[in-house]
Amino acid sequence: MATQTTASCTGSTLLQPISEIIDLPLDQVNFVACQLFALLMAVWFRLYLHPSKTSPFIRHVVATLLGLYLALFCFGWYSVHFLVQSGLSYGVMIFASLEHMHKYCFIVTLGYLILCQITRVYVFDYGMYSADFTGPMMVITQKITSMAFEIHDGLSKRREGQLTPSQKYLAISRMPSLLEYLSYNCNFMGILAGPTCSYNDYMAFMEGTSYQRRHQENANGKENGKAKKPEPSPKRAVVSKLCTCAISLTTYLSLYRLLPVDHSIDEYFVSTTPFYLQVVYLYLAMLALRPKYYFVWTLADAINNAAGFGFNGYDTDGSPRWDLISNLRILDIEFATSFKLFLDNWNIQTAQWLKRVCYERCPVNPTTATFLLSAMWHGVYPGYYLTFVTGIGMTMAARAVRHNIRPYFLVSDSHKRVYDVITWASTQVAICYTVVPFVLLAVGPSLKFYSSWYFCLHLLCLLVVLVLPVKSRRLQARAKEDAAQDEQRDHSSTDNNCNQKDKST
């Protein structure tokens, strides 16, 4: 075990004894240790490098240097890729024409990420599914591409009427300096596990204006520009999220070896276990796997909050919200009653990134394009593509069911509760079925699993989509716009007729 972990880790070996004692790979031990160190540095950063005590320049320098140190400790010389990717993309931003800069930057950044993923998977270690240097690059890719589109929206000749409200809010009005750019991509709060965030929100945090922006409204929604509220403390939010991390990590370490996902394709298990028990086992195996992601993303959120980043206004009861860059909502995930609700609450910032750079901008079949981009961004394992291609069918089928069948269950509360129970169970089974290749990674085991289920959910989705067709959301939105325009024309023509009658009278 010690030999394997040492060979597969390119970072520091300082914590090798701890890795051997707790029987976990060294790269994972380094990752957790660096995140705990980042948590301590975040508290120090908020208290001693507060915007009221020092300049944004110092905050950017310290955040960047600490981030690069953590990357070097975890990944060794592989962390150079973070700078190379950032440098190439910044060069494109500076020298490419503004009209096409965002497209070139997207291609260069995503292309470099995919090249590194191919090298890691097919050259070094195909089966290594642990903390690796392409993980931080995935977050950096999100940040760079988001920034490129936001610069294009803010500096190009596009009229404001062509931008959505969110695009107007996120648009960047000046080219970032190299230090601001590196600080945004490589700061110690998010370099290892993110989450991604908008450049404007990050700059508001670094310059100390994030609280002012969200203090404009008080808890009751009334304008409160004159009275200044004290800066809210993230202490309660950080403690709560650290408790969630402890529970998630304990749950994962206790269960993940007892309920391995690959046991669901064991020939003896498949041949001797009733199908309904295979479904139950798969659900429990996925339930035991998810706390790993809960731990990583919640800890990353707590680190940002501890530094003072993530304030998102106030609840109706006046308590501060620290969920601006939160990446998941655990209860909404576990009790989701639709495929869309599950995805909306899982890896939230990545979903926002996919929506902003692909779904809102792709002119043809945005749903398919978004799923394919998500697969390319995640990596080059074939299982990723099987999962996201399956996800396209699941999304279309779930949308068809919701539009055609759900209205019949809204006649009473009891019918609605029955519908919610059925859709919850269906959603959990559909999610488990869809993400099995994501966990197994390879084509052979993934197809072995689907064949053991006789591709039943694939066939069911195809049948549902054929029998219950649904208009695309863009066509529905366009139909609503056309109806609104027709109604406005009718009103204007009526007004004109009335005016003409008045004049004749």
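Since the model is a prediction, treat every value here as computed from it, not as a measurement.

Asker: Before we move on, can you summarise the overall build of the protein with the specific residues and values?
Answerer: If you tally the helices and strands in the protein, you get 23 helices and zero strands. Here the protein holds 505 residues, and 46% of them are scored as buried. Taking the intrachain contacts of the protein between residues at least 6 apart in sequence as the baseline, contacts between residues at least 24 apart amount to 69%. Counting every atom, the protein has about 25500 Å² of accessible surface; 64% of that belongs to carbon and sulfur.

Asker: Residues and numbers for the packing of helix H5 (residues 80–95) against helix H9 (residues 178–186), please.
Answerer: Across the interface, H5 lies against H9 with an axial gap of 11 Å and an inter-helix angle of 135°. With respect to H9, the axis of H5 lies oblique. For the pair H5 and H9, the sense of crossing is right-handed. Of the residues in H9, those in contact with Leu83, Ser86, Ser89, Tyr90 and Met93 of H5 are Leu178, Tyr181, Leu182, Asn185 and Cys186. For the contact of H5 with H9, the per-class residue count stands at seven nonpolar, three polar and no charged.

Asker: Provide a residue-level description of the packing of aromatic side chains, including the pertinent values.
Answerer: Going through the model one piece at a time under the given rule, you end up with 38 aromatic pairs. For the pair phenylalanine 106 and phenylalanine 149, a centre-to-centre distance of 6.3 Å together with 80° between the ring planes defines the contact as edge-to-face. Residue phenylalanine 106 is located in helix H6 (residues 101–124), and its partner phenylalanine 149 is located in helix H7 (residues 134–155); the two are separated by 43 residues in the primary sequence. Classification of phenylalanine 149 as buried rests on a relative accessible area of 9%.

Asker: A description of the UniProt feature "transmembrane region" (unreviewed entry) in the protein should follow, citing residues and the corresponding values.
Answerer: Per the UniProt annotation, the sites labelled "transmembrane region" (unreviewed entry) are residues 29–49, 61–84, 104–123, 268–287, 383–401, 421–443 and 449–470. Helix and strand shares over residues 104–123 are 100% and 0% respectively, and the end C-alpha atoms of the span are 27 Å apart. For residues 268–287, helix accounts for 90% and strand for 0%, while the C-alpha atoms at its two ends are 23 Å apart.

Asker: An account of the environment of tryptophan 322 is requested, with residue identities and associated values reported.
Answerer: One can find tryptophan 322 in the loop between helix H14 (275–306) and helix H15 (330–334). Along the sequence, tryptophan 322 and proline 232 sit 90 residues apart, while their C-alpha atoms lie 9.7 Å from each other.

Asker: Lay out helix H3 (residues 26–48) with the relevant residues and their values.
Answerer: Residues spaced three or four apart along an α-helix point in a common direction, a consequence of the helix completing one turn every 3.6 residues. In this model H3 runs 32 Å from its N-terminal to its C-terminal C-alpha over 23 residues, within 8% of the 33 Å that 1.5 Å per residue would give. All buried positions along H3 are accounted for by Leu26, Asp27, Val29, Asn30, Phe31, Cys34, Gln35, Ala38, Leu39, Met41, Ala42 and Phe45.

Asker: Can you tell me about the pattern of salt bridges, naming the residues and giving the values?
Answerer: With the rule as written, the count across this model stands at eleven salt bridges. Across the pair arginine 257 and aspartate 23 runs a salt bridge whose closest N-O atoms are separated by 3.6 Å. Note that arginine 257 is positioned in the loop between helix H12 (235–255) and helix H13 (267–272) and aspartate 23 in the loop between helix H2 (16–22) and H3, a separation of 234 residues in sequence. The class for aspartate 23 is partly exposed, based on a relative accessible area of 32%. Notably, a salt bridge pairs arginine 321 with aspartate 315, separated by 3.8 Å at the nearest N-O pair. What makes aspartate 315 partly exposed here is its relative accessible area of 33%.

Asker: Before we move on, can you summarise helix H20 (residues 413–440) with the specific residues and values?
Answerer: With 28 residues, H20 extends 41 Å between its outermost C-alpha atoms, agreeing within 8% with the 40 Å of an ideal straight helix rising 1.5 Å per residue. Its axis deflected by about 30° at threonine 434, H20 carries its strongest bend there, up to four residues before the proline proline 437.

Asker: Before we move on, can you summarise unusual backbone geometry with the specific residues and values?
Answerer: Note: most residues except glycine have negative phi, and most peptide bonds are trans. Of note, the bond from glycine 194 into proline 195 is cis; its omega dihedral lies within 30 degrees of zero at 0°. Relative to the elements of secondary structure, proline 195 occurs in the loop between H9 and helix H10 (199–207). Its identity as a non-glycine residue notwithstanding, aspartate 23 has a phi of 60°, on the positive side. Of note, phenylalanine 455 is a non-glycine position whose phi angle comes to about 50°, a positive value. Following the sequence through the fold, phenylalanine 455 ends up in the loop between helix H21 (443–452) and helix H22 (456–467).

Reading the values: the criteria
- Residues numbered from 1 in each chain as written.
- Predicted model: local features only at pLDDT ≥ 70, side-chain atom pairs only at ≥ 80, totals over all residues.
- Heavy atoms only, no water.
- Helix = DSSP H or I, 4+ residues; strand = E, 2+ residues; numbered from the N terminus.
- Buried < 20%, exposed > 50% of the residue type's maximum accessible area, 1.4 Å probe, protein only.
- Contact = heavy atoms within 4.5 Å.
- Areas by Shrake-Rupley, 256 points an atom, 1.4 Å probe, with all protein chains shown as cover.
- Axes fitted to C-alpha atoms, helices over the stretch in contact; angles between N-to-C directions.
- Parallel < 35°, antiparallel > 145°, perpendicular 65-115°, else oblique.
- Left-handed = near helix turned anticlockwise from the far one by under 90°.
- Nonpolar A, V, L, I, M, F, W, Y, C, P; charged D, E, K, R; others polar.
- Phe/Tyr/Trp six-rings, centres within 6.5 Å; stacked < 30°, edge-to-face > 60°.
- UniProt positions renumbered as here; feature names shortened; annotations may be inferred.
- Expected span 1.5 Å × (residues − 1).
- Salt bridge = Lys/Arg side-chain N within 4 Å of Asp/Glu carboxyl O.
- Bend = angle between axes of the 7 residues up to and from the residue.

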